[in-house]
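Residues per chain are reported as follows:
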Amino acid sequence: MIIDLKKIFVNENSSLPLEYSLDMSNLEYMGCYPLKKPVVLSGVVSNKASLVRLEASISYEYDAPCDRCGIDAKQNLKVSLDKSLAVRTESEESDTILVIPDMKLDLEELIYSEVVVNLPMKHLCKEDCKGICFRCGKNLNEGECGCSKKEIDPRLSALAALLNDE
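Just so you know, the residues in each chain are numbered from 1, in the order the chain's sequence is written. For this predicted model, a pLDDT threshold of at least 70 governs which residues receive local features, and a threshold of 80 or more governs which side-chain atom pairs are given and counted, while totals over whole chains, interfaces and linings are taken from all residues. Based on all heavy atoms of the structure, the side-chain values leave hydrogens and waters out of the count.

## Notes on the side chain of aspartate 63
- Structurally, aspartate 63 can be placed in strand β4 (residues 51–65).
- Here's how the labels work: a residue is buried when its accessible area is under 20% of the maximum for its type, exposed when over 50%, partly exposed in between, all with a 1.4 Å probe on protein chains only. In this charge count, Lys and Arg are treated as positive and Asp and Glu as negative; neither His nor the chain ends contribute. Throughout this description, the term salt bridge denotes a Lys or Arg side-chain nitrogen within 4 Å of a carboxyl oxygen of Asp or Glu. Among buried charged residues, aspartate 63 stands out as having no salt bridge; its nearest opposite-charge side chain is lysine 36, 4.1 Å away.
- With sequence-adjacent residues up to four places away left out, aspartate 63 is seen in contact with Tyr33, Pro34, Lys36, Asp72, Ala73 and Lys74. Where helices and strands are cited, they refer to DSSP runs of H or I of at least four residues and of E of at least two residues respectively, numbered from the N terminus. By definition, residues are in contact when any of their heavy atoms lie within 4.5 Å.

Below you can see the structure in the form of structure tokens.
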């Protein structure tokens, strides 16, 4: 959806509320499709003292397997946007200035780029997830597995056998 902001740029003390929902369920990330529900942007574009600003939040549900134990885990995430909008800029690229030369804001492109940049690099079902046992595969969040915690370096196993003979 493209929004024409010409009226906002021209008229001081004007504002335009924004509400938009985007289906990003076809986005593949790290081997899965974690955005099953629509991504929602809500905010406002305003012109105060000839400074045009976009203040918005993007909220979405991230549904993917836990990186440690593999169970499906949902997480509600939110991205806050506070950007100045400009037709042109003399400086280099900036994270706080969004250049829109034709005074038309593409909401889908904005949402897509902000969500992709802010997707979690590591997804956990809970902060203290214990993962799975590397020997038997039991989920350690459900309890101990009974496997031996003592691990002997295979290169030194002959020495361990000598100690056990005594």
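## A word on unusual backbone geometry
- Positive phi is not limited to glycine here, since methionine 30 has a value of about 55°.
- In this structure, methionine 30 sits in the loop between β2 (14–22) and β3 (39–48).
- Of note, the phi angle at serine 50 is positive, near 65°, even though the residue is not glycine.
- Topologically, serine 50 is positioned in the loop between β3 and β4.

## Re the packing of aromatic side chains
- Ring pairs shown here join Phe, Tyr and Trp side chains whose ring centres sit within 6.5 Å, with only the six-membered ring taken for Trp; geometry is labelled stacked below 30 degrees between planes, edge-to-face above 60, and tilted in between. Under the definition given, this model contains one aromatic pair.
- Consider the rings of tyrosine 29 and tyrosine 62, whose centres lie 6.4 Å apart with planes at 75°: the pair is edge-to-face. In this pair, tyrosine 29 sits in the loop between β2 and β3 while tyrosine 62 sits in strand β4, placing the two residues 33 residues apart along the sequence. Each member of the pair, tyrosine 29 as well as tyrosine 62, carries the same accessibility label: buried.

## Things to note about the sheet that holds β4
- Strands sit in the order β2-β3-β4-β5-β6 across an open sheet of five strands; the sheet is mixed. Edge strands, defined here as strands with exactly one partner in the open sheet, are β2 and β6 (97–99). For this sheet, the mean inter-axis angle between neighbouring strands, taken without regard to orientation, is 30°.
- Judged from the nine bridges that link them, β3 and β4 form a sheet pairing that is antiparallel. Across the sheet, the residue bridging to leucine 41 is isoleucine 58, located in β4.
- Fitted lines through C-alpha atoms serve as axes, helices being fitted only where they are in contact, and the angles separating the N-to-C directions of these axes extend from 0 to 180 degrees. Where helix α2 (residues 107–117) meets the sheet, it contacts β2, β3, β4, β5 (72–86) and β6, and its direction lies at approximately 65° from that of β2. Two strands qualify as a pair provided DSSP detects at least 2 bridges between them.

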